[in-house]
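Each chain is listed here by its residues.
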There are 2 protein chains.
Amino acid sequence: MTTPALDLGLPVDELTAALCDIESVSGHETALADAIEHALRGVPHLDVVRDGDAVVARTRLGRPQRVAIAGHLDTVPVNGNLPTRRERHEGADMLVGRGTVDMKGGIAVQLKLAAELADPALDVTWIFYDHEEVDSALNGLGRLARRSPDLLAADFAVLCEPTSARVEGGCNGTLTVVLRFRGTRAHSARPWKGRNAIHAAADALALLARFEPPTIDVDGLAYRESLNAVGIRGGIARNVIPDVAEIVVNYRFAPSRSGEDALDVLRGMFPGVELEVEDLAEGARPGLDAPIARAFLDAVGGEPAPKYGWTDVARFSALGIPAVNYGPGDPARAHTDDEAVDVVELRRCEQGLRAWLTRR
Amino acid sequence: MTTPALDLGLPVDELTAALCDIESVSGHETALADAIEHALRGVPHLDVVRDGDAVVARTRLGRPQRVAIAGHLDTVPVNGNLPTRRERHEGADMLVGRGTVDMKGGIAVQLKLAAELADPALDVTWIFYDHEEVDSALNGLGRLARRSPDLLAADFAVLCEPTSARVEGGCNGTLTVVLRFRGTRAHSARPWKGRNAIHAAADALALLARFEPPTIDVDGLAYRESLNAVGIRGGIARNVIPDVAEIVVNYRFAPSRSGEDALDVLRGMFPGVELEVEDLAEGARPGLDAPIARAFLDAVGGEPAPKYGWTDVARFSALGIPAVNYGPGDPARAHTDDEAVDVVELRRCEQGLRAWLTRR
């Protein structure tokens, strides 16, 4: 196979289309990573490192501060929505197709500016990584953080995930636990000889159903928490009183709490219930009070908002690097079959990041 | 294969052992049915009909009343518990092995008396049938009832299922429904954009958990009802608010209610909830007020009790034939790996039925 050539001088909308048309569903990012590596190695002011299907390109200008600007190369599966096409929706100029929102629009902005900005005011580490849309253990940014944390070193980070070109700071943490209820089996014709484990789960489920999670202010942003039963299971056969039932509970907690704090919240809600942690990811504080963050906000404009979902900004946060989400595309259209980005947002992000990186 | 020879003149405990040692797990009853058919065809006072793996043997003495005495030939799977062995448990003489309780002890009593009683006071229809321990649609007694109801015609029926040699009258009905709760999917980081179907099930589950089912007097016997969640399911992934959840509810209802009455009870408890019937079997009234039933009770002795579980007596009941359960073996030991019958109960049932059938 020959590596597809990418022209980083194209307008950002055309570059987005070209990137989308190189399919890169999770696990199949190599062709796109090859094309990006090849294009960036042709840029004299960048120092390029390849790690698996991740590509990291850095300026080395000796600036007092360095920023990381990151995005993932993979997409969820294509569903007849490639190649990209251009459409007009209610007056808007849209680029339609898999990846246009999540997140090759952001990748296009990154690549265009990486090639263009030979003399930015801040040193920049441009990061393109693999395996974001699948099991967290495979995540390319996580791999870089484990194997080459120096490569990620920065004073501030921007993740170009879709936010409709608004700044979204930090993210809620996420904790998933299994609540397990025990009983004693019996024939369902003589249930008084056993104890029904599904019935034993009723109080906990009622508590979850009526619970109203708080909204918590963190560094000036309001984080809305949530607590949900996302799974429930129990039962052996219609003639058997079951001896075990489980509720899977997902708790999205404000970044002012640690994962351990979040676990204490659940233990306090369900005293005496067997509780097993299935998944825990710390949140990330927005970090918008740091001067470098303020400068970023001033340059790109608009009011910052909290991010409710967990994103890879938390991986930067775990390395002590304040990080925000800022990228083109409506997140509500990510992963949908009619995924489409408004070309205006592509240009707005390009201009926002350029304004920030060149401001002296 | 040669048909194993059965000596119906053996003492009932030895005959039980011989029957158990001819394995007859559901679907593999042919060898045992062949042996029984062969043995009964050698009895001059019986008229024998074979239907699949069911065998029906009748006296034709022109008595004013006819009784049916029935049992199933199949067992649940063998688990290293054959051939049978004799053991002493806390002073009791036990026959141990698959089928000793459920229900070859009863079959042995039937066969022994079928061969012995050439001149009973009542005409007797001895019924041996297949496929009781599996899907109800395969049940051999059900097949006979559909295809040859005349063969089952009787004024009263005894099913020799294990009751520890006590009379258990009628049986509860059983109704299984699925309660289905709907919601709207959303990402679990933004649950307020959807509606959690598992949470929507909380009230119904709480109602089931705290419900105290009544005990209902039917023809002098107290039927304890029961109502249980025997299954619960819902959930797509830990990051998705689920749009559907289901509770499987099993209701054992007193035989004074019809299946339709029972369904009305559940509809009344869960108004507005989507409800799908998964399984419904009518109960059977004990029918112990009929003179023929009183005569049976007088002959075998003891106080009758209600049957909570559903048994094939309901198939007789559906044909308008009052029916009771009466057989050797502790039902709590049925299907267990250490299934074992007390030899005293085998003899007590043999004597009880003989006393009844020969009383003039």
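We now turn to the structure provided with this report. (Residues numbered from 1 in each chain as written. Chains lettered and ligands numbered in written order. Predicted model: local features only at pLDDT ≥ 70, side-chain atom pairs only at ≥ 80, totals over all residues. Heavy atoms only, no water.)

**As for the packing of helix α7 (residues 202-210) of chain A against helix α7 (residues 202-210) of chain B**
For the pair α7(A) and α7(B), interaxial distance at closest approach is 9 Å and the crossing angle is 150°. As summarised for this structure, α7(A) and α7(B) are arranged roughly antiparallel, according to the angle between their axes. Here the hand of the crossing between α7(A) and α7(B) comes out left-handed. Counted together, Ala202(A), Leu205(A), Ala206(A) and Ala209(A) of α7(A) and Ala202(B), Leu205(B), Ala206(B) and Ala209(B) of α7(B) form the full contact between these two elements. Residues belonging to the contact of α7(A) with α7(B) are distributed by class as follows: eight nonpolar, no polar and no charged. (Axes fitted to C-alpha atoms, helices over the stretch in contact; angles between N-to-C directions. Helix = DSSP H or I, 4+ residues; strand = E, 2+ residues; numbered from the N terminus. Parallel < 35°, antiparallel > 145°, perpendicular 65-115°, else oblique. Left-handed = near helix turned anticlockwise from the far one by under 90°. Contact = heavy atoms within 4.5 Å. Nonpolar A, V, L, I, M, F, W, Y, C, P; charged D, E, K, R; others polar.)

**Observations concerning the sheet that holds strand β3 (residues 66-72) of chain B**
All names here are of chain B. With respect to topology, eight strands assemble into an open sheet ordered β1-β2-β6-β3-β7-β18-β8-β17, the strand pairing being mixed. Only two strands of the sheet have a single partner each, and these edge strands are β1 (47-51) and β17 (305-306). With two bridges connecting them, strand β8 (residues 168-169) and β17 associate as parallel partners. Looking across to β17, one finds that Glu168 is bridged to Ala305. Here helix α3 (residues 100-116) sits on the sheet in contact with β3 and β6 (123-129), set at roughly 140° to β3. (Pairing = 2+ DSSP bridges.)

**Here we look at the sheet that holds strand β19 (residues 340-342) of chain A**
Working definition: the strands of a sheet are paired by backbone hydrogen bonds and lie parallel or antiparallel to each other. Residue and element names in this part refer to chain A. Read from one edge of the open sheet, three strands run β4-β5-β19, paired in antiparallel fashion. Only two strands of the sheet have a single partner each, and these edge strands are β4 (85-89) and β19. When strand polarity is set aside, the average angle formed by the axes of neighbouring strands in this sheet is 35°. Summarising the sheet, strand β5 (residues 92-96) and β19 pair through three bridges and their orientation is antiparallel. Bridge pairing in β19 places Leu95 opposite Val341. Where helix α3 (residues 100-116) meets the sheet, it contacts β5 and β19, and its direction lies at approximately 50° from that of β19.

**Looking at the environment of Ala189(B)**
The topology assignment puts Ala189(B) in the loop between β10 (186-187) and α6 (197-200). Judged by relative accessible area, Ala189(B) falls into the buried class, the value being 0%. Between the alpha carbons of Ala189(B) and Arg41(B) there is a distance of 74 Å; along the sequence they are 148 residues apart. If sequence neighbours within four positions are ignored, Ala189(B) has contacts with Ser226(A), Arg252(A), Tyr308(A) and Gly309(A). (Buried < 20%, exposed > 50% of the residue type's maximum accessible area, 1.4 Å probe, protein only.)

**Some details on the interface of chain A and chain B**
The interface is formed by 41 residues belonging to chain A together with 41 residues belonging to chain B. When chain A packs against chain B, close to 3,200 Å² is buried across both sides, 61% of that on carbon and sulfur atoms. Here chain A is connected to chain B by four salt bridges. Here chain A is connected to chain B by 16 residue pairs in polar contact (both at pLDDT 80 or more). Of all the secondary structure elements, the ones that give two or more residues to the side of chain A that touches chain B are α6 (197-200), α7, β13 (226-235), β14 (240-241), β15 (244-253) and β16 (274-281) of chain A. Broken down by element, the side of chain A that touches chain B gets its largest block of residues, ten residues, from β13(A). (Buried area = accessible area lost by both parts, 1.4 Å probe. Salt bridge = Lys/Arg side-chain N within 4 Å of Asp/Glu carboxyl O. Polar contact = N/O pair within 3.5 Å; in protein donor to acceptor, adjacent residues only side chain to side chain.)

**Some points on the pairing of strand β12 (residues 221-224) of chain B**
The side chains of a regular strand alternate between the sheet's two faces. Residue and element names in this part refer to chain B. Burial along β12 is one-sided: the face carrying Leu221 and Tyr223 is buried and the face carrying Ala222 and Arg224 is not. Strand direction decides the pairing type here: strand β11 (residues 215-218) and β12, joined by four bridges, are antiparallel. Bridged to Val218 within β12 is Leu221. Linking β11 back to β12 in an antiparallel pair, the connection comprises two residues, with Asp219 at a positive phi of about 50°.

**Looking at the pattern of salt bridges**
Opposite charge on two side chains makes pairing possible when the charged atoms of those side chains draw close. All names here are of chain A. Using the criterion set out here, one finds 71 salt bridges over all chains in the structure. The partner of Asp13 in a salt bridge is Arg86, with the nearest N and O atoms 2.6 Å apart. Of this pair, Asp13 sits in helix α1 (residues 12-20) while Arg86 sits in strand β4, and the two are 73 residues apart along the sequence. What makes Arg86 partly exposed here is its relative accessible area of 41%. Here the salt bridges do not stand alone but share partners, grouping Arg180, Arg182, Arg233, Glu246, Glu274 and Glu276 into one network.

**Observations concerning helix α8 (residues 259-269) of chain A**
Residues and elements named next belong to chain A. Gly259, Ala262, Leu263, Leu266 and Met269 are the residues of α8 that are buried. Axial view of α8: buried residues confined to an arc of 120°, hence all on one face. Against the buried residues of α8 lie β9 (173-182), α7, β13, β15 and β16. (Arc of directions from axis to C-beta.)

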